[in-house]
Amino acid sequence: ECMACSTCHVIVKDDWYGRLKPPSEEEKDLLDLVFGLEKTSRLGCQIEITGELDGLEVRLPKQHLNLLDG
């Protein structure tokens, strides 16, 4: 598990969100810093893609914040 920014912020379609493993505390902390946070926001890099998630629908937020930009 490695997270350093929030550029992979995605918003998961409601009916798919419950199928994902819950976010870790570290992911929640990074999500607190994103623009356009929604109740189904996740970091795409933390979604473990499995066969059960075939067809997963997400959308990108209108803005993003790159925590690595200085």
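Residues numbered from 1 in each chain as written. Predicted model: local features only at pLDDT ≥ 70, side-chain atom pairs only at ≥ 80, totals over all residues. Heavy atoms only, no water.

K.L.:
What exactly am I supposed to notice about the overall build of the protein here?
P.N.:
In terms of regular secondary structure, the protein is built from 2 helices and 3 strands. Traced from its N-terminal end to its C-terminal end, the protein shows the element sequence β-α-α-β-β. Counting all 70 residues of the protein, 30% fall into the buried class. Considering only residue pairs separated by 6 or more positions, the protein has 78% of its internal contacts joining residues 24 or more positions apart. Looking at the protein as shown, the accessible area adds up to about 4,900 Å², and 51% of this sits on carbon and sulfur atoms. (Helix = DSSP H or I, 4+ residues; strand = E, 2+ residues; numbered from the N terminus. Buried < 20%, exposed > 50% of the residue type's maximum accessible area, 1.4 Å probe, protein only. Contact = heavy atoms within 4.5 Å. Areas by Shrake-Rupley, 256 points an atom, 1.4 Å probe, with all protein chains shown as cover.)

K.L.:
What's the story with the nonpolar core in this structure? I'm lost.
P.N.:
When a protein is soluble and globular, its nonpolar side chains tend to lie buried together. In terms of nonpolar packing, the biggest core is built from 6 residues, these being V10, V12, W16, L20, I47 and L53. Setting aside anything within four residues of it in sequence, one finds V10 in contact with T40, S41, R42, G44, I47, V58, R59 and L60. (Core = buried A, V, L, I, M, F, W, Y, C linked by side-chain atoms within 4.5 Å.)

K.L.:
Explain the state of the cysteines here, please?
P.N.:
Every disulfide links exactly two cysteines, by a covalent bond between their sulfur atoms. Applying the stated criterion across every chain, the model contains 0 disulfides. With no disulfide of its own, C8 lies closest to C45 among cysteine sulfurs, the gap being 3.6 Å. Note on C8: relative accessible area 22%, which makes it partly exposed. (Disulfide = S-S within 2.5 Å.)

K.L.:
Where do I start with the side chain of T40 in this structure?
P.N.:
Positionally, T40 belongs in the loop between helix 2 (25–31) and strand 2 (41–43). For T40, a relative accessible area of 5% corresponds to the buried category. Not counting the four nearest positions on each side in its chain, T40 is found in contact with V10, I11, V12, D14 and Y17.

K.L.:
Whenever I open this one, the environment of K28 confuses me. Can you help?
P.N.:
With respect to the secondary-structure elements, K28 resides in helix 2. Under the relative-accessibility criterion, K28 is labelled partly exposed at 36%. As a C-alpha pair, K28 and S41 span 13 residues in sequence and 9.5 Å in three-dimensional space.

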